Amino acid sequence: MSNKTQQSMPWPEEDFSRYGEVEEKKLGNVQQYVGKVMHRNWTSIPHVTHNDDADITDFEQRRKAYNAANPDKKKTLLPVLMKASVAMLKEFPQFNVSLSADGATMFQKHYYHIGFAVDVPGGLLVPVVKDCDKKSVDDIAEEIVALSEKARGKGLPMNDMSGGCFTLSSLGHIGGTSFSPIINAPEVAIMGITRAASRFVPDAEGKPVLRQFLPLSLSYDHRVINGADAARFTRAMADWLQAYTF
């Protein structure tokens, strides 16, 4: 048997106009770049995705109560998730690493820069909020707004998209129940968040109670992270959210 790497089959070439009317459109520069990055990350990293649900019933009650009492300082979920990510990276430092291109060297990071995916007209950008461990939730919220506006406007310089340790990709404002986000190399993990949903679960006495759950989808690089640690990471984040107070 040959030891040579099997070559991919060539991309199928088609004259689509044979089948009906078509319109030819060039992909934008951002979308082409993002596509190449995603292809590299997907084909180079052995992805596994672990799914879990965070019970955010009490968290949401506290958040809504805080927002009602402080209408000018309303809290949203994403900045809190960034603080949760910092707590998880500290508890599970094997998630705060990067591998060299040849996979032979691991770099343990002792800083906490968190990226977040932003949907822009030309594709997808990932701004990075630096030093989230040293910033308050309000400080992080302000940076998220500023970076998002910049991304959707004139665009972001590479410095604003570099140095990330971990990325959050939230689709909760649209919907969904779970997905497998692609790791943003050279990071080794990314957390996907979809729309919270309510369902009945039994209480301590077996009686049905209505609780609200937030789906969490953690994609991780199986070269440096095993499944048990991914499960512990996701469960610990869920527990952290459940206990968080405003």
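Residues numbered from 1 in each chain as written. Predicted model: local features only at pLDDT ≥ 70, side-chain atom pairs only at ≥ 80, totals over all residues. Heavy atoms only, no water.

Moving on, we come to the overall build of the protein chain. A count of helical and extended segments in the protein chain gives 5 helices and 11 strands. For the protein chain, with 246 residues in total, the buried portion stands at 37%. For the protein chain, contacts bridging at least 24 residues in sequence account for 62% of all contacts bridging at least 6. Roughly 14800 Å² of accessible area belongs to the protein chain as shown, and the carbon and sulfur atoms make up 53% of that amount. Between the mean site of the 28 positive side-chain charges and the mean site of the 29 negative ones, the protein chain shows a separation of 2 Å. (Helix = DSSP H or I, 4+ residues; strand = E, 2+ residues; numbered from the N terminus. Buried < 20%, exposed > 50% of the residue type's maximum accessible area, 1.4 Å probe, protein only. Contact = heavy atoms within 4.5 Å. Areas by Shrake-Rupley, 256 points an atom, 1.4 Å probe, with all protein chains shown as cover. Lys, Arg positive; Asp, Glu negative; His and termini not counted. Charge placed at Lys NZ, Arg CZ, Asp CG, Glu CD.)

As a further point, take a nonpolar patch on the surface. A contiguous nonpolar patch, built from Phe16, Tyr19 and Val22 and spanning about 350 Å² of accessible area, is present on the exposed surface. Topologically, Tyr19 is positioned in the segment before helix 1 (29–44). Among the residues examined, Tyr19 registers a relative accessible area of 54% and is labelled exposed. (Patch = residues over 30% accessible without salt bridge, like charges linked within 9 Å, V, L, I, M, F, W, Y side chains within 5 Å. Salt bridge = Lys/Arg side-chain N within 4 Å of Asp/Glu carboxyl O.)

Per the UniProt record, "domain: 2-oxoacid dehydrogenase acyltransferase catalytic" (unreviewed entry) is found at residues 21–243. In residues 21–243, the share of helix is 35% and the share of strand is 25%. The end C-alpha atoms are 57 Å apart. (UniProt positions renumbered as here; feature names shortened; annotations may be inferred.)

This paragraph deals with the layout of surface pockets. Volume-wise, the second largest pocket comes out at about 210 Å³. If you go around the second largest pocket, the residues you meet are Arg40, Asn41, Ser44, Ile45, Leu99, Ser100, Ala101, Ala185, Pro186, Glu187, Asp221 and Arg223. If you tally residues by element for the lining of the second largest pocket, the top one is helix 1, at 3 residues. When its residues are assigned to classes, the lining of the second largest pocket shows 5 nonpolar, 3 polar and 4 charged. (1 Å grid on protein atoms, 1.4 Å probe; cavity = no way out; pocket = protein on both sides within 12 Å on 5 of 7 lines; lining within 4 Å. Points joined across faces, edges and corners; volume = space filled by probe spheres on them. Nonpolar A, V, L, I, M, F, W, Y, C, P; charged D, E, K, R; others polar.)

Quick reminder: α-helices carry 3.6 residues per turn. Residues three or four places apart thus point the same way. Helix length check: helix 2 (residues 57–69), at 13 residues, gives a terminal C-alpha distance of 19 Å against a target of 18 Å (1.5 Å per residue), a fit within 8%. In this fold, the buried residues of helix 2 make contact with strand 1 (47–55), helix 3 (77–91), strand 11 (208–221) and helix 5 (227–243). (Expected span 1.5 Å × (residues − 1).)

Structurally, Ser100 can be placed in the loop between strand 2 (97–99) and strand 3 (106–108). Note on Ser100: relative accessible area 18%, which makes it buried. At 2.6 Å, the side chain of Ser100 and the side chain of Asp102 are in polar contact. If sequence neighbours within four positions are ignored, Ser100 has contacts with Thr105 and Phe107. (Polar contact = N/O pair within 3.5 Å; in protein donor to acceptor, adjacent residues only side chain to side chain.)

This part covers the nonpolar core. Among soluble globular proteins, nonpolar side chains are generally buried collectively. Counting residues in each nonpolar core, the largest one holds 46 residues, and the members touching the most others are Met82, Phe166, Met191 and Phe233. The dominant element in this core, judged by the number of residues it contributes, is helix 3, at 7 residues. Each residue touching Phe166, except ones within four places of it in the same chain, is listed here: Ser85, Leu89, His113, Ile114, Gly115, Glu187, Ala189, Ile190, Met191, Leu218 and Phe233. (Core = buried A, V, L, I, M, F, W, Y, C linked by side-chain atoms within 4.5 Å.)

As a further point, take the packing of helix 3 against helix 5. Put simply, helix 3 and helix 5 touch, their axes get as near as 10 Å, and they point 130° apart. Classified by the angle their axes make, helix 3 and helix 5 are oblique. Like other packed secondary-structure pairs, helix 3 and helix 5 cross with a definite hand, here right-handed. For the pair formed by helix 3 and helix 5, the contact residues are Val80, Leu81, Lys83, Ala84, Ser85, Ala87, Met88, Leu89 and Glu91 on the first element and Phe233, Ala236, Met237, Trp240 and Leu241 on the second. (Axes fitted to C-alpha atoms, helices over the stretch in contact; angles between N-to-C directions. Parallel < 35°, antiparallel > 145°, perpendicular 65-115°, else oblique. Left-handed = near helix turned anticlockwise from the far one by under 90°.)

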